[in-house]
Amino acid sequence: MTNAKLLLRQVTLKLNRRDSSCMRNIGRSMLTSSKKGINGAFLSQHEKIHMSQTRDTFYQVRSFVKPRGTSSIGDVLNEELASPELDNVQDLKTSEDMDFYDPLTFEYYPTQEDQDEEKEMEEARRQAIREELDSRSGRLWKDRWELTDEDWSSGKSYDDLPDWTEELCSRVSRERVRVHPDGVPTLSKLSTLALPPPSLPHPALGNPKPYVKHRKKVIFDAIYARVQQFAEPRMEKILNMGDWDEKQKAVDELFEQVQEELQKSDGDDDYVHIVLGSQPNFPILVEQALEKYLRKVVRDEKASFQVDDNGQSQNEEEHENSDETAVPVFMDLMKAKDASLDEKGIPKVLHPLTSHKRDGTGRMLEEWELAANVKTKRIMIRQCTRDIAHALDQCNGSRVFVTGRKGAGKTAALAAIVASARESGHIVLYLPDGDRLRKHGFYVEVNNHVQGAKEKLFDIPMLSKEVCSQLCQSHAKDMGGITVAKETLEKFMSKDQLKKLSNFIENAADDGSVLLGDLLKVGGDNAPLAAGCYGAAIDTLMTQTSKPFTVVMDQFNCYYDYGHYFHGEYDKLAKRSIPLDKITLFRPLIHAVGVVKSDDHNFSAIEPKPITCGGIVVGITQSHAVANRFTTELTSAIKESNAKVVDVPQYSAIEVDHILANFEIIGIGRLRFDRGETVMDKHEVAFLRMVSGGLGQPLLDACVQ
């Protein structure tokens, strides 16, 4: 093929929106240049660039035409284009189907055919990207039960899709998820339950000591594994020696040989030899690891001769109770003593936990609402839950403060404690919605009849009525035999209120005392008497010893935020809000914790008034509009008051595995139909753990979206 043919092919195959009309406009451009001046004296910068490109192309073509002795460029071009050698050129275009060129604006306008072709190419590129992304491992899923556009056009609806059944769950998830045999364990059982250790906080969060301790343990475990691998084949020979001196000599030789053996390479990926072998304290760690292994051998030998009646050795029992080898355990609220549900499908054992219209309680309930399996309501038991249970099980007025990041599972931990405490026979005052209680009290009244008060107090009758009703509904049977003394009633109620109370109490005692259940029933039915009934009931529960009394308050930092209750008796201009420790509904609970906030927003620790038999557990929230300064100062003040602080960490790797398996079993999101594909794919699990940060709420979102 001649050079002219090669040039034509090159120019023709590179046609696009910018240069497709280059060859077609050679003559027109040259004509335009002759009118304006070939030197471009009257041309703009854009026109000069265009004319330069056009002139170069024209001269390049003419250089191939001129040697052939012709004076007509068009004849040569037509001859070359008509050559049979160019019949196979697929992208060859003629002047009829080239882009439209506007010589005034120097713009190129593609034809409709070119636009359609480019759309097809763009759609093909996008489809290739979609297919490549879908083929990647570590992404979310395709829902086989998702209605496509064809399904909608054919009239198919979600009712036509197959229903979820338990048979769709994979065997891996069924074997992995463990539910406590009692459904909801008591506090005593919960406090001794073996559970896997939590994930350590990142050292960049300000406390690197736990992470440093963890890394040292990882290093020691790696050395211990190699030591055990080296010493285990030799131990049987040593144990069979009859002479004690021979055993001692063999053990001494073992100490000398083990370090030399570990410093030998076991492959390119030998972490112990390549990384740890060069450390200055490596010999000391090897010696400690061998000592630990020898002690384990001695214990095993002794345990083999100490078998209990059940045929189980003490060493096996210790192994089963070890947190290092434990797996996560779930509690099932549908297996509690009171396994009934309320009208919203929430277990009554967690009453009054509910989702309000505007002020919903966290997002823990969302998991149960989205689950296809309505026969189970599960909460994972974690080490932080066990720590809270251990403190409450002592019933010595313990104070527990629960912290954690947003979405880590603080509400779930508190709900598990409520269920376990009620299963243990405790009377539990559960206030899960602190943000709502601190601002939706309807109206405030002055309280002038509380004896011993050195400052003016205020009542919120409607909320007091609500709490009395909830407490009576949850523990009416548990309060039998508990009476409220006449002196306690006179402390919290005026004479007029006592007269009204006597009209509602039919079986009052001769000494003026009333049953606690009857008092709460009256307070739950009558708003004018609710505040007095509530105060007398809480004071009685906090001082009695016949029944453990536990208080659980979620969103506790909301009570220390900017106030929402005002009254002219507190501030004539109603500019300063009433501190919640001056409101009778919250006063005894705040004093039980032992931290108050002044009018100038300063936090101070006071002498707590603990519960005689029981304890109080409070948890903060990171999901509501509370000033971060107040939350930080509240946490510092509670730590200074020597209260027990429990942090709810992010999920560990093994906890994420079990959470995902539980999601598949109860039918959450896209896991309900994938038949274990996600749970058994380590890349998918790692991806979900990464995008969620090991937090419960983002993990649920990732499985649903």
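Since we're looking at a predicted model, the values are computed, not measured.

(A) Representation of the overall build of the chain within the structure. The helix and strand tally for the chain stands at 27 helices and 15 strands. Across the 705 residues in the chain, those meeting the buried criterion constitute 44%. Within the chain, contacts between residues separated by at least 24 positions form 74% of all contacts whose residues are at least 6 apart in sequence. For the chain, the accessible area works out to roughly 38,300 Å², and carbon and sulfur atoms hold 49% of it.

(B) Structural context of a nonpolar patch on the surface. A cluster of nonpolar side chains, Y271, I274 and V275, forms an exposed patch at the surface whose accessible area comes to about 240 Å². Summarising the element assignment, V275 is placed in helix α11 (residues 271–276). Classification of V275 as partly exposed rests on a relative accessible area of 36%.

(C) Inspection of the pattern of salt bridges at higher detail. Overall, the coordinates contain 21 salt bridges when judged by the stated rule. One salt bridge in this structure joins E123 and R130, with 3.5 Å as the shortest N-O distance. Salt bridges here are not isolated pairs; linked through shared partners, they connect D435, R438, K439 and D561.

(D) The arrangement of helix α18 (residues 461–475) in detail. Between its first and last C-alpha, α18 extends 21 Å over 15 residues, near the 21 Å set by a 1.5 Å rise per residue. Where α18 is concerned, the buried positions are P461, L463, S464, V467, C468, Q470, L471, C472 and H475.

(E) Region of interest: unusual backbone geometry. The linkage connecting H351 with the following residue, P352, adopts the cis geometry, with an omega of 10°. When you line up the elements, P352 lands in the loop between β3 (329–332) and α14 (364–370). Even without being a glycine, H601 presents a positive backbone phi close to 65°. With respect to the helices and strands, H601 occurs in the loop between β12 (595–597) and β13 (603–605). Of note in this structure, R675 is not a glycine but carries a positive phi near 55°. Here R675 shows up in the loop between α25 (653–666) and α26 (682–692).

(F) Fine view of the confidence of the model for the chain. When the pLDDT values of the chain are averaged, the result is 80; 78% of them are 70 or greater. This stretch, residues 1–43, has a pLDDT under 50; its non-local contacts, to residues over four places away or in other chains, come to 67 contacts. Below pLDDT 50 for its whole length, residues 308–321 participates in twelve contacts with residues either more than four positions away or in separate chains.

(G) Expanded view of a negative patch on the surface. Negative charge collects at one region of the surface, where E113, D116, E117 and E120 lie side by side. Here D116 lies in helix α5 (residues 112–135). The class for D116 is partly exposed, based on a relative accessible area of 34%.

(H) View of the packing of helix α9 (residues 209–239) against helix α12 (residues 282–303). For the pair α9 and α12, interaxial distance at closest approach is 8 Å and the crossing angle is 50°. In terms of their interaxial angle, α9 and α12 are classed as oblique. Note that α9 runs across α12; the crossing there is right-handed. Judged by residue contacts, I219, F220, I223, Y224, V227, Q228, A231, E232, M235 and L239 of α9 engage F282, L285, V286, Q288, A289, L290, K292, Y293, L294, K296, V297 and E301 from α12. Tallied by class, residues from the contact of α9 with α12 come to 16 nonpolar, two polar and four charged.

(I) Expanded view of the sheet that holds strand β6 (residues 427–431). The five strands lie next to each other as β6-β11-β14-β5-β15, forming an open sheet whose pairing is parallel. Two strands bound the open sheet, and with one partner strand each, they are β6 and β15 (644–648). Neighbour-to-neighbour, the strand axes of the sheet open up by a mean angle of 15°, direction not taken into account. Strand direction decides the pairing type here: β6 and strand β11 (residues 549–553), joined by five bridges, are parallel. Residue pairing for β11: V428 is matched across the bridge by T550. Helix α16 (residues 410–423) rests against β5 (398–404), β6, β11, β14 (614–619) and β15 of the sheet, and its axis sits at about 160° to β6.

(J) A look at the environment of A537. Tracing the sequence through the fold places A537 in helix α22 (residues 527–543). Given the relative accessible area of 1%, A537 is considered buried. Considered as a pair, A537 and V484 are 53 residues apart in the sequence and their alpha carbons are 7.0 Å apart. With residues up to four places along the chain from it excluded, the contact list for A537 reads L516, L519 and L520.

(K) Main features of the nonpolar core. Formed by 63 residues in total, the largest nonpolar core has its most connected members in L429, L519, F549, M553, Y559 and F586. The biggest single contributor to this core is α22, with eight residues. If we ignore the near neighbours within four places in the chain, the residues touching L519 are V484, L489, L501, V514, C533, A536 and A537. Core analysis: the next-biggest nonpolar cluster, separate from the first, contains 40 residues, L350, L414, Y430 and V552 among them.

(L) Broad picture of the environment of S692. Structurally, S692 is set in helix α26. The exposure class of S692 is buried, given its relative accessible area of 4%. A distance of 2.7 Å separates a polar atom in the side chain of S692 from the backbone oxygen of L688. Here R689 takes part through its backbone oxygen, which lies 3.5 Å from a polar atom of the side chain of S692.

(M) Looking closely at the packing of aromatic side chains. Under the definition given, this model contains seven aromatic pairs. Of the aromatic side chains, those joined through ring pairs into one cluster are F556, Y559, Y560, Y562, F586, F603 and F630. For K292, the ring lying beneath its charged end belongs to Y224, and the centroid distance is 5.0 Å. Lying across the ring of F630, K597 places its NZ or CZ 4.5 Å from the centre.

(N) Spatial organisation of α25. Given a rise of 1.5 Å per residue, 14 residues ought to cover 20 Å, and the 20 Å separating the end C-alpha atoms of α25 matches this to within 8%. The buried fraction of α25 amounts to eleven of the 14 residues, a majority that puts the element mostly inside the structure. Looking only at α25, the buried set comprises E655, V656, H658, I659, L660, A661, N662, F663, E664, I665 and I666. Trailing α25 by a residue or two, G667 shows a phi angle of about 80°, which is positive.

Definitions and limits used
- Residues numbered from 1 in each chain as written.
- Predicted model: local features only at pLDDT ≥ 70, side-chain atom pairs only at ≥ 80, totals over all residues.
- Heavy atoms only, no water.
- Helix = DSSP H or I, 4+ residues; strand = E, 2+ residues; numbered from the N terminus.
- Buried < 20%, exposed > 50% of the residue type's maximum accessible area, 1.4 Å probe, protein only.
- Contact = heavy atoms within 4.5 Å.
- Areas by Shrake-Rupley, 256 points an atom, 1.4 Å probe, with all protein chains shown as cover.
- Patch = residues over 30% accessible without salt bridge, like charges linked within 9 Å, V, L, I, M, F, W, Y side chains within 5 Å.
- Salt bridge = Lys/Arg side-chain N within 4 Å of Asp/Glu carboxyl O.
- Expected span 1.5 Å × (residues − 1).
- pLDDT = per-residue confidence, 0-100.
- Lys, Arg positive; Asp, Glu negative; His and termini not counted.
- Charge placed at Lys NZ, Arg CZ, Asp CG, Glu CD.
- Axes fitted to C-alpha atoms, helices over the stretch in contact; angles between N-to-C directions.
- Parallel < 35°, antiparallel > 145°, perpendicular 65-115°, else oblique.
- Left-handed = near helix turned anticlockwise from the far one by under 90°.
- Nonpolar A, V, L, I, M, F, W, Y, C, P; charged D, E, K, R; others polar.
- Pairing = 2+ DSSP bridges.
- Core = buried A, V, L, I, M, F, W, Y, C linked by side-chain atoms within 4.5 Å.
- Polar contact = N/O pair within 3.5 Å; in protein donor to acceptor, adjacent residues only side chain to side chain.
- Phe/Tyr/Trp six-rings, centres within 6.5 Å; stacked < 30°, edge-to-face > 60°.
- Lys NZ or Arg CZ within 6 Å of the ring centre and 35° of its normal.

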